[in-house]
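Now for the letters of each chain:
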Amino acid sequence: MSRKRKIRTRSHVIAALSTNHLERYLFEAGHSVERFECDYGYDVSVYTHNCNGEYENGVIYFQLKATDNLRLTKDSPVFDMDIRDIDLYAYEIMPVVIVLYDASRSIAYWEFIHNLLDLDDLDEISQETIRVKFSPNKTVDHKAVEVWRNQKNKTLAKLGGRA
């Protein structure tokens, strides 16, 4: 008798592809990535390095979402996220980037979670999910990596630190 083995599902495959897509640009820019073994809201953290390869203070957190069926609203990619995750990201001091990977086209969109939220209204939300709208012009690429690093450095400066 032959038993069926566990199956690697399409969702497993596209999740790995989304991580690979992000990491490629980060590694090419000379930064380092740590994957979270246990996922309680973040998938990877990124540690930046300057042009000399020197480690910089601070961290950027990433939450990755992947799909084969990208939903669009008025030409903008959208994804429904769990309010419990949003609540975690909203109160993080360091930048949190949400990445939506479209596996069918091998393209990823991104947004800083803090740009999407009004913290004053967060406690009033009663639904279990929030629809996150991504700009079709904000794709994961080399330019995005610099934007993320600059935002991390600005955040550090506001806190009295430096990269």
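Everything below is about the structure printed above this text.
Please read these numbers as outputs of a predicted model, since none were measured by experiment. (Residues numbered from 1 in each chain as written. Predicted model: local features only at pLDDT ≥ 70, side-chain atom pairs only at ≥ 80, totals over all residues. Heavy atoms only, no water.)

Concerning the pairing of strand β5 (residues 76-82)
And step 1. Pairing geometry for strand β4 (residues 71-73) and β5, over 3 bridges, is antiparallel. Looking at the pairing, R71 lines up with V78 of β5.
And step 2. The antiparallel hairpin formed by β4 and β5 contains 2 residues in its connecting segment, where K74 sits at a positive phi of about 50 degrees.
And step 3. Bridge analysis of β5 against strand β8 (residues 129-133) gives 5 bridges, and the strand direction is antiparallel. Paired with D80 across the bridge in β8 is R131. (Pairing = 2+ DSSP bridges. Helix = DSSP H or I, 4+ residues; strand = E, 2+ residues; numbered from the N terminus.)

Focus on the packing of helix α1 (residues 10-28) against helix α4 (residues 142-158)
And step 1. Look at α1 against α4: their axes get within 9 Å of each other, and the N-to-C directions meet at 75 degrees. By the angle between their axes, α1 is roughly perpendicular relative to α4. Residue-level contacts link L22, Y25, L26 and E28 of α1 to H142, V145 and W148 of α4.
And step 2. In terms of residue class, the contact of α1 with α4 is made up of 5 nonpolar, 1 polar and 1 charged. (Axes fitted to C-alpha atoms, helices over the stretch in contact; angles between N-to-C directions. Parallel < 35°, antiparallel > 145°, perpendicular 65-115°, else oblique. Contact = heavy atoms within 4.5 Å. Nonpolar A, V, L, I, M, F, W, Y, C, P; charged D, E, K, R; others polar.)

Brief notes about the environment of E111
And step 1. By secondary structure assignment, the location of E111 is in strand β7 (residues 107-112).
And step 2. Residue classification places E111 among the buried residues on the basis of a relative accessible area of 7%.
And step 3. Each C-alpha atom of the pair E111 and W148 lies 9.8 Å from the other, and the pair is 37 residues apart in sequence.
And step 4. Ignoring sequence-local partners within four residues, the contact set of E111 consists of V96, V97, I98, L116, F134 and K138. (Buried < 20%, exposed > 50% of the residue type's maximum accessible area, 1.4 Å probe, protein only.)

What about the pairing of β7?
And step 1. The element β7 is largely enclosed, with a buried count of 5 among its 6 residues.
And step 2. Pairing analysis gives 6 bridges linking strand β6 (residues 96-102) to β7, with the strands arranged antiparallel. Bridged to I98 within β7 is E111.
And step 3. Two successive antiparallel strands, β6 and β7, enclose a turn made up of 4 residues, where S106 displays a positive phi of approximately 55 degrees.

Re the environment of R8
And step 1. Here R8 is to be found in the segment before α1.
And step 2. The exposure class assigned to R8 is exposed, which follows from its relative accessible area of 56%.
And step 3. Beyond its immediate stretch of four places on either side in the chain, R8 contacts V13 and A16.

Remarks on the nonpolar core
And step 1. Formed by 21 residues in total, the largest nonpolar core has its most connected members in L22, F62, V97, V99, W110, V140 and W148.
And step 2. Elements represented by at least two residues in this core include exactly α1, β2 (44-47), β3 (60-67), β6, β7 and α4.
And step 3. The element contributing the most residues to this core is α1, with 4 residues.
And step 4. Among residues more than four places away in sequence, those in contact with W148 are L22, L26, I60, F62, V97, W110, F112 and V140.
And step 5. Among the nonpolar cores identified, the runner-up in size contains 18 residues, and I98, I113, V132 and F134 belong to it. (Core = buried A, V, L, I, M, F, W, Y, C linked by side-chain atoms within 4.5 Å.)

Description of α1
And step 1. The terminal C-alpha atoms of α1 lie 27 Å apart, and with 19 residues this matches the ideal 27 Å at 1.5 Å per residue to within 8%.
And step 2. Every buried residue of α1 is listed here: I14, S18, T19, H21, L22, E23, Y25 and L26.
And step 3. Buried positions along α1 lie against β1 (32-35), β2, β3, β6, β7 and α4.
And step 4. Two residues or fewer after α1 comes G30, characterised by a positive phi angle close to 90 degrees. (Expected span 1.5 Å × (residues − 1).)

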